Structures are given as structure tokens and as C-alpha cells.
Amino acid sequence: MPEIVELLASPVHRFLGRPADGPAPAPPGELVDTVRIRADLGIVGDRYFGQQAHRDASVTVIAQESLPVGIGLAEVRRNILTTGIAVDELIGRVLVLDSGTGPVSLRVNRAARPCAWMDVTVGPGAWKALRTTGGIRCTPLNDGTLRVGPIEVSVERVPA
């Protein structure tokens, strides 16, 4: 059964400067059990919420199956870690997730390409390994709430 494994809503951008210098410390509470999502704005409390430059990429999703064992959102800096969903195959579609509080629709705009930081936070070779499975960048189409745990999933065509 598909599920949300982790959720991240971080108010700060931790990957600053050169990867060799290492990431900034994580703020307390960036890994959460629940996130509030606002249409066209992103995840409330996240560093990209409401920023014009990130409107088409304000929510990021990655499949746990793409990551080494023990690696999660703190290392890859995506917002939603799922299992049981081939998210990298959904570009150009709408991913609908319902964790029990109503559906949240995410228009999947493009791949979330990894950066050189992945070799530092995930491990040597991760940058190259995640080039085709680094997750997706999405725009939320409606307001809603997502929670860690089992989810209902559907995939739809992008509305005209």
C-alpha cells in the first residue's frame, strides 16, 4: 500500500556555499507528521512557500525506493517521501494524494534534479545515481493537509 514515509517543512535553506563545507545545521522540527498545503503557494512554513520564483516547484516529492537505506528527507531536501509510487514517471500529470483529510492535487511540472550536495549528504556517487530518480517538482492545485502514513493515490491528466 502506498504511503507517506516522511514530511519536511523547513524554514531555512541548508545547502549554502560549497558542498565541501557541509550543510548548515538543521533547524529543530523540520521533519513533521503533518503539512498544510496551499494552492499555488506550497507548504506552509517551508522555505519556498509563496515565493514567485518557486511557484511551479513549491512542493517536491521523492520515492523512498530511489534512496539508499537510511537516507531520508533531511539529506535530499525534498518535502514528501513516499513509498509505493513511481513518482519520477508522473511528469506532465496530476498526482492526487489523500492521507485521510481529503485529496491534495499536485501538478507535476518537472524532474527535481539532484545537485553536487547529494555526494555529501547521501554519499559519494549519489549525484550521478539520482539524475533520473531525484523526485519531482510540483505546484499544488488545491488547499489541503497531508499526514505521514497510508495514502490513497490517483493520477490524472493536467486540467486544460
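Bear in mind that the values here come from a model prediction, so they are computed numbers and not experimental data.

1. Focus on unusual backbone geometry
Phase 1: Positive phi, normally seen in glycine, also occurs at Asp40, with a value near 65 degrees.
Phase 2: Counting through the fold element by element, Asp40 comes out in the loop between strand S3 (34–38) and strand S4 (42–43).

2. Description of the packing of aromatic side chains
Phase 1: A complete count under the given rule lists 0 aromatic pairs for this structure.
Phase 2: One Lys or Arg, Arg131, reaches over the ring of Trp127 and ends 5.7 Å from the middle of that ring.

3. A look at the sheet that holds S3
Each strand in a sheet pairs with another by means of backbone hydrogen bonds, the pair being arranged parallel or else antiparallel.
Phase 1: As summarised here, the arrangement of the 3 strands in space is S4-S3-S10, forming an open sheet in which the pairing is antiparallel. The two strands at the open ends of the sheet, each matched to only one other strand, are S4 and strand S10 (144–147).

4. Quick notes on the pairing of S3
Phase 1: Here S3 shows a buried face lined by Val35 and Ile37 and an unburied face lined by Thr34, Arg36 and Arg38.
Phase 2: As paired elements, S3 and S10 share 4 bridges and run antiparallel to each other. In the strand pairing of S10, Thr34 is matched with Arg147.
Phase 3: Of the strand pairs in this sheet, S3 and S4 are connected by 2 bridges, and their pairing is antiparallel. Its bridge partner being in S4, Ile37 is matched across the sheet by Ile43.
Phase 4: Connecting S3 to the next strand, S4, in antiparallel fashion are 3 residues, including Asp40 with a positive phi near 65 degrees.

5. Looking at the environment of Thr83
Phase 1: With respect to the element layout, Thr83 can be found in strand S6 (residues 80–83).
Phase 2: You can call Thr83 buried: its relative accessible area is 16%.
Phase 3: Look past the residues within four positions of Thr83 in its chain and what remains in contact with it is Pro2, Glu3, Val5, Gln64 and Glu65.
Phase 4: A polar side-chain atom of Thr83 sits 2.7 Å from a polar atom in the side chain of Glu65.

6. With respect to the pattern of salt bridges
A pair can form between side chains of opposite charge whenever their charged atoms are brought close.
Phase 1: A full pass over the atoms with the stated rule returns 4 salt bridges.
Phase 2: Of the charged contacts in the structure, one is a salt bridge between Asp56 and Arg110, with a shortest N-O distance of 2.7 Å. Highlighted residues: Asp56 in the loop between S4 and strand S5 (59–63) and Arg110 in strand S8 (residues 104–111), separated in sequence by 54 residues.
Phase 3: Judged by its relative accessible area of 34%, Asp56 is partly exposed.

Calculation rules
Residues numbered from 1 in each chain as written. Predicted model: local features only at pLDDT ≥ 70, side-chain atom pairs only at ≥ 80, totals over all residues. Heavy atoms only, no water. Helix = DSSP H or I, 4+ residues; strand = E, 2+ residues; numbered from the N terminus. Phe/Tyr/Trp six-rings, centres within 6.5 Å; stacked < 30°, edge-to-face > 60°. Lys NZ or Arg CZ within 6 Å of the ring centre and 35° of its normal. Pairing = 2+ DSSP bridges. Buried < 20%, exposed > 50% of the residue type's maximum accessible area, 1.4 Å probe, protein only. Contact = heavy atoms within 4.5 Å. Polar contact = N/O pair within 3.5 Å; in protein donor to acceptor, adjacent residues only side chain to side chain. Salt bridge = Lys/Arg side-chain N within 4 Å of Asp/Glu carboxyl O.

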